[in-house]
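Coordinate inspection notes
Below, each chain spelled out in residue letters.
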Amino acid sequence: MMKLRFSPTSPYTRKVMVTAIETGLDGKIERVPTNPWDPESDIDQDNPLGKVPALILENGRSLFDSPVICEYLDSLHRGAPLIPTNGPERWDVLCLEALADGLMDAAVLVFLEKNRREAAARSQWWLDVQMETIRRTVRELERQAGDFSAKTDLAQISIGCALGYLDFRIADSEWRRHAPTLERWYHRFSSRDSMQKTVPLDPT
Ligand SMILES: N[C@@H](CCC(=O)N[C@@H](CS)C(=O)NCC(=O)O)C(=O)O
């Protein structure tokens, strides 16, 4: 069994779990709940960056971060690849995945600034910068949404998890207001079994 160090609220972990379900590999992955913010956590033994997700292989080797883990899982199955193996489509998918991962980064930074940093140290400037990144990225996704492939790929998985995280943690992003095509796509995508089974839960 492989082991996935995961947190139920992390969009990056969700991305890996959705990928595992889409590739039929979820039965081969044991989930190990991990709170990377707990000072007692030993996550740094599997990822020196101190972050989840980390995937520990059967030989003990660990892989991180989510793009690497997802690419690894994609190499293990025989179904249609989630990352096209070559051609311009490959770079389209990887670059769109990076865009969605960056959306997660900005959203996680907003959540931490608002909810984890002590109030006196909170920076409105930093929040504004990240919220603007969120708006710009949603605009770009809206521009591309009409062209998303009919086949599920890793970019779509990452976009679905990033938008799911906005709904879960950053309700005031109101991303749907300016993104009707993206909203329709998301509505369809989030009905997939892999997305339904991984809806984030707040443990607090
Ligand atoms: N680029 C990483 C980002 C992972 C990440 O930021 N994980 C957060 C949880 S949502 C974390 O573990 N943060 C703990 C820390 O930064 O110390 C990935 O794609 O896996």
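So, a few notes on the structure that sits alongside this text. On a predicted model such as this, the values are computed, not experimentally measured, just so you know.

What counts, and at which threshold
Residues numbered from 1 in each chain as written. Predicted model: local features only at pLDDT ≥ 70, side-chain atom pairs only at ≥ 80, totals over all residues. Heavy atoms only, no water. Axes fitted to C-alpha atoms, helices over the stretch in contact; angles between N-to-C directions. Helix = DSSP H or I, 4+ residues; strand = E, 2+ residues; numbered from the N terminus. Parallel < 35°, antiparallel > 145°, perpendicular 65-115°, else oblique. Contact = heavy atoms within 4.5 Å. Nonpolar A, V, L, I, M, F, W, Y, C, P; charged D, E, K, R; others polar. Phe/Tyr/Trp six-rings, centres within 6.5 Å; stacked < 30°, edge-to-face > 60°. Buried < 20%, exposed > 50% of the residue type's maximum accessible area, 1.4 Å probe, protein only. Pairing = 2+ DSSP bridges. Right-handed = clockwise from strand over helix to strand, strands pointing away.

Focus on the packing of helix 1 (residues 11-22) against helix 2 (residues 66-74)
The contact between helix 1 and helix 2 brings their axes to 10 Å, and the two run at 5°. The angle between the axes of helix 1 and helix 2 places the two elements in the roughly parallel class. Residues Y12, K15, V16, T19 and A20 of helix 1 lie in contact with helix 2, whose contacting residues are S66, P67, I69, C70 and L73. Residue composition of the contact of helix 1 with helix 2, grouped by class: seven nonpolar, two polar and one charged.

Here we look at the packing of aromatic side chains
Across all of its chains, the model carries five aromatic pairs by this definition. Seen from their ring centres, F148 and W185 are 5.2 Å apart, and the 85° between their planes marks the pair as edge-to-face. Linking F148 in the loop between helix 4 (124-145) and helix 5 (154-169) with W185 in helix 6 (residues 180-189), this pair joins segments that are 37 residues apart in sequence. No difference in accessibility class separates F148 from W185, as the two residues are buried. Both rings, one in W185 and one in F189, keep their centres 4.8 Å apart while their planes meet at 20°; by these two values the pair is stacked. A residue pair is termed a helical-turn pair when its members lie 3 or 4 positions apart in one helix, as W185 and F189 do in helix 6 at four residues.

Here's the deal with the pairing of strand 2 (residues 29-33)
On a regular strand, each side chain points to the face opposite its neighbour's, so the side chains alternate between the two faces of the sheet. Pairing between strand 1 (residues 2-6) and strand 2: five bridges, direction parallel. Looking at the pairing, R5 lines up with V32 of strand 2. Viewed along the sheet, the connection from strand 1 through helix 1 into strand 2 turns out right-handed.

Observations concerning the pairing of strand 1
Most of strand 1 is tucked away, with four of its five residues classed as buried. For strand 1 and strand 3 (residues 54-56), the ladder comprises three bridges, and the chain directions are antiparallel. Residue pairing for strand 3: L4 is matched across the bridge by L55.

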